[in-house]
Amino acid sequence: MAEEKHHITSYKTYLLVLSLLIVFTLLSVAITQIELSRWAAAAALLVAGIKSTFVLMIFMHLKYDQRMFRVMVGLIVALVVVVIIITMLDFLFR
Amino acid sequence: MSVVHRDDIGSKLGMWLFIFTEILLFGGLFITYVVYRYLHQEAFHLASQELDVAIGTINTIILLISSATIAMSITAIQQKKKKLTLALIATTILLAIVFLVNKYFEWGAKFEHGIFPGSEYLDQLGFGDVLFFGLYFFMTGLHAFHIIIGIAVLGFMYYYVKTDRLTHDNFQLLENGGLYWHLVDLIWIFLFPLFYLIA
Amino acid sequence: MSENKQNSAPKSYLEETGGRKGIFKWILSTDHKRIGLLYLYSIMAWFFIGVTLGVLMKLELIAPGKTIMGAQSYNATFTVHGVIMIFLVVIPGLPAVFGNFMLPIQIGAKDVAFPKLNLLSWYIYIAGSILVVSSLFAGGGPPDTGWTFYAPYSFKTGTNMLPAVLGAFVLGFSSILTGLNFIVTTHRLRAPGMSWMKLPVFPWAIYGTAWIQLLATPIVGITLLMVLGERIFNIGFFDPAKGGDPILFQHLFWIYSHPAVYIMILPAMGAISEIIPTFSKKTIFGYRFIVFSTLAIAFVGYFVWGHHMFTSGMSGTALFTFSILTFIVAIPSAIKVFNWVATMHQGSISTDVPFLWAASFIFVFLVGGLTGLVLGALATNVHLHDTAFVVGHFHFIVFGGTGFAFFGALHYWFPKIYGKMYDRSWAKTGWAIFFVGYIALYMPMFFLGVMGMPRRYFDYLPEYHGPNIISSLGALVMVTGFVIMVINLFRAVKTGEKAPQNPWGGTNLEWQISSPPTLENFDEIPTIDKATYKYD
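Note that this is a predicted model, so its numbers are computed, not measured. (Residues numbered from 1 in each chain as written. Chains lettered and ligands numbered in written order. Predicted model: local features only at pLDDT ≥ 70, side-chain atom pairs only at ≥ 80, totals over all residues. Heavy atoms only, no water.)

Chemist: Before we move on, can you summarise the interface of chain C and chain A with the specific residues and values?
Modeler: Contacts between the two partners involve 20 residues from chain C, matched on the other side by 14 residues from chain A. Both faces considered, chain C and chain A share a buried interface measuring about 1,400 Å² in area, 78% of it formed by carbon and sulfur atoms. Broken down residue by residue, the surface that chain C buries against chain A is led by Phe303(C), Ser315(C) and Thr317(C), which jointly contribute 26%. Where chain C packs against chain A, one counts one salt bridge. Between Asp245(C) and Arg94(A) there is a salt bridge, with its nearest N and O atoms 3.2 Å apart. (Contact = heavy atoms within 4.5 Å. Buried area = accessible area lost by both parts, 1.4 Å probe. Salt bridge = Lys/Arg side-chain N within 4 Å of Asp/Glu carboxyl O.)

Pasting the structure below:
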């Protein structure tokens, strides 16, 4: 099983993703500094979600790995979200 | 008994499962954060203004770069460029140390203002501030602890590459170390907006 | 690297010492079978202590007023009984002992995926248990919060909470690493031809359990760390005086501790699903249903934690949601019971020792499950919350369920593990006495609970006296049966007659290798070409 082929990601891809990540970071800072009121925090979290997708897919090679890994990561993220929602059912309606 | 069977995918699966436990570990804290932010919206909003967005942004970028360098080291080792691999791992470790130094000064400044868990000054500020800074110190502290572990892990990787225990056709351990480092980065990607950007 | 001396009879794993002597051939071996037995012996040792504490509580409750101990000692006794039984006995119980021993064999592998990590898990388990026990002897007296460590009392009390909480945290690590190991093992080391739908039910149950161990334990880990933060740094997460919410602690605690109940019961169901077809000489009924109900329980079981908190002051929406989810999770459990009964239907049943344990398991599990529905309904819960009824229900599921399945599995796989057969008539006697004592011990608790007797008090009103006497005497009878069982098994290890390779006529892989197995289980990794549980 040691001979299964490995995808070699090019340096260029990594640098491109890195610059995107930095741009998104600055973007999220910019969004929250100008008054966009209540949507600012949501926008910052959305940007964080996009950034983490890049890290997971490219840096952590999920894009090139077996499908099993992507499915597992998706389920775990969903699990955390559902647990947060169910917990909030208590606090939102108390 | 034949030669010990090597299973790269199994090893990677083990690492991912470990990462899941880390996500759930921080997940417990994110639940706490969501609940208390909901209960103390105004106070969280104001307390967040106490944090230095500039340092936070710089630290975020530092971690992102370090994440890219460790990812590139895996490309380098596959291309049999040992020197470049070592240089990239060393850069990652260096950036991690810079991150910790920044964190040290950031925390130090808070301590000087009397803001630390259990301090009298903080207790006077009210419930929301106590919880915001409690979470801030607990979560960034736990994250910093993971960075320290990460530095140790990457240190071992450096040593293994240097002594040729990890090579172009046997580098799963380096990839696992890299996965761990990306996890530390991932968690920070969420900590940064939650603490610094909600002001 | 074997020298391949005589390829006639390879040594069994018990004789193969790897050149180590005495205790080192155990505590340095990475063989999954030896590690399974290490867990068996350590868990049994803790079980003896836990049982002793339980008997002490029952002796205290044999009459109203102070009988043998006062309030503080009683609080400490039920706390330590709970911590030992939950964290040191039932949670590692079936997965660590029989999961370790049988999972690799049943999927046709030579060992688990990470044997060294496996041994490390055992060391972490021992380290955690030493921490827990140290809380009994260090300064401030044994912990008195109950095993649930509810905030804010857990960081206000002067007793030794630090070592107990830290110990539970460390034990969580052991549980996580075991789960991680089993998942990778099941994914990567199945023998050729062993597709997922040919996997026997016990490995399936261990696999589902491993996911719960992996995904739920970190939450209690972080919660316990937060309690430590409260005690050491006075942060205020769960302290109402600082704005913290103690009910959030309950949420976080039960997000782990409810799935933990499924860590206890899923492998038990798996073991029962192995025993029943073997002794009915019939293919298991509805294999796919059993597998999917296992996964459904593991999944839905993650979202029902709130039913432990119905009287804590949660919002109505949350109460309603948790109650519905609780009823839903009962469905897959019921499916399993139907499947077991249907497996026996028109089978050729032999009432040998493991079958007796399995059949009594179905009975106690039914009682435990149905009383669970009584507690899952909001209205009845308000009346019964924190009464002896809950204690009865809990013990019917956790001790009745996990305990009966554990002893059943022990008697089922004993000839395979040791290569010796025990005295079956003594084993049946032990089972009968144990079963009668068990019913007498826990049944009265339901009546006491409905009458309104609260749990966790060393004293009670005189009108509760009658059922309490029956319960206390039942405890003594049950312990008698337990002692008979243990002595019988010990004697079998020493002087039992040699067991054949397949004493029960089972069909799975573990019965196709020698008893006890060789170090590598299989001379040659088998290729699986037929479905599991085929009886001709």
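There's more to say after this.
Chemist: Talk me through the packing of aromatic side chains; I want residue IDs and the actual numbers.
Modeler: Pairs of aromatic rings are described using the distance from one ring centre to the other and the angle between the two planes. For the coordinates displayed, the defined rule picks out 79 aromatic pairs over all chains. Centre to centre, the rings of Phe98(C) and Trp413(C) are 5.6 Å apart; their planes meet at 40°, and the pair counts as tilted. With Phe98(C) in helix α4 (residues 93-106) and Trp413(C) in helix α14 (residues 388-418), this pair connects stretches of sequence that are 315 residues apart. Across the pair, Trp413(C) and Phe98(C) agree in class, each one buried. A cation over a ring is seen here: Lys12(B) above Phe69(A), with NZ or CZ 5.6 Å from the ring centre. In this structure, Arg190(C) packs its charged tip against the face of Trp196(C), placed 4.1 Å from the ring centre. (Phe/Tyr/Trp six-rings, centres within 6.5 Å; stacked < 30°, edge-to-face > 60°. Helix = DSSP H or I, 4+ residues; strand = E, 2+ residues; numbered from the N terminus. Buried < 20%, exposed > 50% of the residue type's maximum accessible area, 1.4 Å probe, protein only. Lys NZ or Arg CZ within 6 Å of the ring centre and 35° of its normal.)

Chemist: Provide a residue-level description of the interface of chain B and chain A, including the pertinent values.
Modeler: One frequently used descriptor of interface size is the decrease in accessible area upon assembly of the parts. Listed per partner, the contact involves 51 residues of chain B and 47 residues of chain A. Surface buried jointly by chain B and chain A totals about 4,300 Å² across both partners, of which 80% is contributed by carbon and sulfur atoms. Across the salt bridge formed by Lys12(B) and Asp65(A), the nearest N and O atoms sit 2.5 Å from each other. Counting every contact that joins chain B to chain A gives six residue pairs in polar contact (both at pLDDT 80 or more). Of all the secondary-structure elements, those providing two or more residues to the side of chain B that touches chain A are α1 (8-39), α3 (53-78) and α7 (172-196) of chain B. With 15 residues, the top contributor of residues to the side of chain B that touches chain A is α1(B). Classifying every residue of the side of chain B that touches chain A gives 34 nonpolar, nine polar and eight charged. (Polar contact = N/O pair within 3.5 Å; in protein donor to acceptor, adjacent residues only side chain to side chain. Nonpolar A, V, L, I, M, F, W, Y, C, P; charged D, E, K, R; others polar.)

Chemist: Residue-level account of empty space enclosed by the protein, with values.
Modeler: A water-sized probe, rolled over the atoms, reveals where empty space remains. Residue and element names in this part refer to chain C. Following the criterion strictly, the structure yields three cavities of 30 Å³ or more and no others. Taken as a whole, the largest cavity holds about 150 Å³ of empty space. Residue lining of the largest cavity: 17 residues in total, with Phe-87, Ile-91, Pro-92, Leu-171 and Ser-175 positioned closest to the centre. When residues of the lining of the largest cavity are traced back to their parent elements, those giving at least two are α4, α7 (161-188) and α8 (201-233). The element contributing the most residues to the lining of the largest cavity is α7, with six residues. Residue composition of the lining of the largest cavity, grouped by class: 11 nonpolar, six polar and no charged. Empty space within the second largest cavity amounts to approximately 60 Å³. (1 Å grid on protein atoms, 1.4 Å probe; cavity = no way out; pocket = protein on both sides within 12 Å on 5 of 7 lines; lining within 4 Å. Points joined across faces, edges and corners; volume = space filled by probe spheres on them.)

Chemist: Which residues make up the packing of α3(B) against α7(B), and what values go with them?
Modeler: All names here are of chain B. α7 packs onto α3 with a crossing angle of 160° between their chain directions and a minimal axis gap of 10 Å. Taken together, the axis directions place α3 and α7 in an arrangement best described as roughly antiparallel. In this structure, α3 crosses over α7, and the sense of that crossing is left-handed. Looking at the contact of α3 with α7, its residues break down into 14 nonpolar, nine polar and two charged. (Axes fitted to C-alpha atoms, helices over the stretch in contact; angles between N-to-C directions. Parallel < 35°, antiparallel > 145°, perpendicular 65-115°, else oblique. Left-handed = near helix turned anticlockwise from the far one by under 90°.)

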